[in-house]
Amino acid sequence: MNKKIYLDHAATTPTKIEVVEAMLPYFTEKFGNPSSIYEFSGQNKEAIEESRELVAKAIGANEREIFFTSGGTESDNWAILGIAESYKTKGNHIITTTIEHHAVLHTCEYLEKNGYEVTYLKVDKDGRVNPNDLKEAIKETTILISIMLANNEIGTVQPIEELGTIAKAAGVLFHTDAVQGVGHVPIDVNAMHIDLLSISGHKLYGPKGIGALYVRKGIKLRSFIHGGGQEKKRRGGTENVPAIVGFGKAIELAITSMEAESNRQADLRDYLIEQVLEKIPHCRLNGHRDFRLPNNANFSFEFIEGESLLIMLDMKDICASSGSACTSGSLDPSHVLLGIGLPHEIAHGSLRISLGEQNTKEEMDYLIESLMVIVARLREMSPLYEDYMKKQAKIER
Amino acid sequence: MYTKKVMDHFQNPRNMGEIEHASGVGTVGNAKCGDIMRIYLDIEDDIIKDVKFKTFGCGAAVATSSMATELVKGKTVKEAMEVTNKAVMEALDGLPRAKVHCSLLAEEALQAALWDYAKKNGIVIEGLEEPKPFEEHEEEEEEF
Ligand SMILES: Cc1ncc(COP(=O)(O)O)c(C=O)c1O
Ligand code: FES
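Owing to the predicted nature of the structure, the values given are computational and were not obtained by experimental measurement.

(A) Fine view of the overall build of chain A. From N to C terminus, chain A includes 13 helices and twelve strands. The C-alpha atoms of chain A give 22 Å as radius of gyration, which agrees with the globular expectation for 397 residues (21 Å, within 12%). The dimensions of chain A, computed from C-alpha atoms along their principal axes, are 85 × 55 × 35 Å. Summarising the internal contacts of chain A: among those between residues at least 6 apart in sequence, 72% fall at separations of at least 24. On chain A, roughly 16400 Å² of surface is accessible, and the fraction owed to carbon and sulfur atoms is 52%. Taken together, the 43 basic and 55 acidic charged side chains of chain A have centroids lying 3 Å from each other.

Below, the structure is given as structure tokens:
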């Protein structure tokens, strides 16, 4: 195999050709400012509204409830900071989990420094929130619950409908970061009682730097960017028309092919998980076996370190990612892996494989073969493995 | 992100392995990132005849341990004392800033192995300090 095998779709996806083609005219002949009065710019306004409808449809919302943003990070920031401020007369307590994306966690930490109180719910060993823990954490002063729909590292999908029902019964607003979920698992904001939801374009074969925040009708949410009257005055600034058009196209394509594509990827994922666990000793699957994204597999290989593993995979033209400390630049292993209770040294040897539309079974076989060789090689170099083997030999004697 | 030399030492590590009945063995770990390095020395008449390493760590950790072993092989104990993390980094044409601590690990492992050698032979190596104790993640020995 001599072409690159991209297995990091949770990091980002390639923009689809159809998406790029839909975008292109909006850079050149259709460049007009959507707020201008003349006819040719007015068409751009229509293009934006068409995209808004497509995004709304994907999650069962009304188009008036969709606001375009610069991506998942901004949507998370806006939802949390906005609600915190708009509802501060009601209370100052927010509930989230220990395994959220940094876009949520760091925003919550910022609020903690500014007089808010945040409860970080622990998750079980598979990364799931216990709905009873949520029930117990809700207080008089709770104004927002923010729990991600699917985790970007271990792929665990939360019981969102159950959590949403609890939030609704308690009269507390419910935000979910669905950046990894949209286009992979069915979402309906009404059935799931979701009040705010974050989406990102580049995780579903759309362009980078574009996303949306769904805000249920009737919710007070302060403006995030002050400026012109765009996005109903809630987010000023001339719209990124090409990106919005591309985002709309991408989400439409993702939803159309979701069922077939999710099933196909889930089959590949299951094959990969089964083979890796069978063929490589001292290895575990992270995240829930069943409640997980169809395109995610996350393994820990004992006695080896993730960055070395990634470089060796790269040498075999395989692109993947790891939650190891050495790759993060912060020296701490992933908070998600620690959050599901993995000890440091096991979290260190983690590998995230996230599949996409182009991946094939042949590529899985190549990956499995490569992993067997690389893991054995790194173990041969590992003092931890040496100690383990010596200890086993002593026990056998 | 890594230089050609680092990648070369990562892909083709020199002196990887272990030495049975080594004159000195040193194991050190970075408590923060959790990486672990072990160096074995075979010393005869004050000359480092052979040296091997094992590393659980990132690409830079593997490359620095490989380079450190190469720099001390065939040298006297005194010369080996001059192989600092700076020397290793220079020999590798540099490391990214976040990876400087990995090269420190190589220096510490080397010195820990020299300390072990000195202790076993009742000699004093000028300028050598006792290494920080390394905490092994030893579980209790099972009872049978
Ligand atoms: C769960 C989750 N939330 C938020 C983000 C941030 O999205 P964006 O890159 O569009 O800002 C990501 C992507 O890394 C993510 O995986
Ligand atoms: S030794 Fe830990 S990051 Fe390199």
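(B) Molecular detail of the sheet that holds strand β2 (residues 66-69) of chain A. Residues and elements named next belong to chain A. Judged by pairing direction, the sheet is mixed, and its seven strands sit side by side in the order β2-β8-β7-β6-β5-β3-β4 without closing on themselves. With partners counted over all chains shown, the strands left at the sheet margins are β2 and β4 (117-121), one partner each. Sheet twist, expressed as the average angle between the axes of neighbouring strands with direction ignored, equals 20°. Strand direction decides the pairing type here: strand β3 (residues 93-97) and β4, joined by five bridges, are parallel. Paired with isoleucine 95 across the two strands is threonine 119, which belongs to β4. Together, β2, β7 (196-200) and β8 (211-215) form the strand contacts of helix α2 (residues 39-58), whose direction differs from that of β2 by roughly 110°. Contacting β2, β3, β5 (142-146), β6 (173-177), β7 and β8, helix α3 (residues 72-86) runs over the sheet at an angle of about 160° to β7.

(C) Geometry of helix α2 (residues 59-72) of chain B. Residue and element names in this part refer to chain B. Here α2 spans 20 Å end to end across 14 residues, near enough to the 20 Å set by a 1.5 Å rise per residue. Among all positions in α2, only Gly59, Ala60, Ala61, Val62, Ala63, Thr64, Ser65, Ser66, Met67, Ala68, Thr69 and Val72 are buried. Two residues or fewer after α2 comes glycine 74, characterised by a positive phi angle close to 85°.

(D) Spotlight on the interface of chain A and chain B. Chain A puts 27 residues into the contact, and the matching count from chain B is 32 residues. A combined buried area of about 2500 Å² lies between chain A and chain B, and 60% of that area is made up of carbon and sulfur atoms. In this assembly, chain A and chain B are joined by five salt bridges. Notably, a salt bridge pairs Arg38(B) with Asp387(A), separated by 2.8 Å at the nearest N-O pair.

(E) The arrangement of the pairing of strand β10 (residues 296-301) of chain A in detail. Residue and element names in this part refer to chain A. Burial within β10 is extensive, with six of its six residues counted as buried. Taking every second residue as pointing to the same face, both faces of β10 are buried, with Asn296, Asn298 and Ser300 on one and Ala297, Phe299 and Phe301 on the other. With four bridges connecting them, strand β9 (residues 283-286) and β10 associate as antiparallel partners. Considered in β10, the bridge of cysteine 283 is made with phenylalanine 301. Here β10 pairs with strand β12 (residues 350-354) via five bridges, running antiparallel.

(F) Structural context of unusual backbone geometry. One non-glycine residue, Asp317(A), lies in the positive phi region at around 65°. You can see Asp317(A) is positioned in the loop between α8 (306-315) and β11 (318-319). Positive phi, normally seen in glycine, also occurs at His21(B), with a value near 50°. Using a relative accessible area of 77% as the deciding quantity, one classes His21(B) as exposed.

(G) Local environment of the environment of Asn85(B). All names here are of chain B. Structurally, asparagine 85 can be placed in helix α4 (residues 85-91). Taking the C-alpha atoms as reference points, asparagine 85 and glycine 26, separated by 59 residues in sequence, lie 16 Å from one another. The residues contacting asparagine 85, other than those within four sequence positions of it, are Val100, Ser103, Leu104 and Glu107.

Each value, and the rule that gives it
Residues numbered from 1 in each chain as written. Chains lettered and ligands numbered in written order. Predicted model: local features only at pLDDT ≥ 70, side-chain atom pairs only at ≥ 80, totals over all residues. Heavy atoms only, no water. Helix = DSSP H or I, 4+ residues; strand = E, 2+ residues; numbered from the N terminus. Rg over C-alpha atoms; globule rule 2.2 N^0.38 Å. Contact = heavy atoms within 4.5 Å. Areas by Shrake-Rupley, 256 points an atom, 1.4 Å probe, with all protein chains shown as cover. Lys, Arg positive; Asp, Glu negative; His and termini not counted. Charge placed at Lys NZ, Arg CZ, Asp CG, Glu CD. Pairing = 2+ DSSP bridges. Axes fitted to C-alpha atoms, helices over the stretch in contact; angles between N-to-C directions. Expected span 1.5 Å × (residues − 1). Buried < 20%, exposed > 50% of the residue type's maximum accessible area, 1.4 Å probe, protein only. Buried area = accessible area lost by both parts, 1.4 Å probe. Salt bridge = Lys/Arg side-chain N within 4 Å of Asp/Glu carboxyl O.

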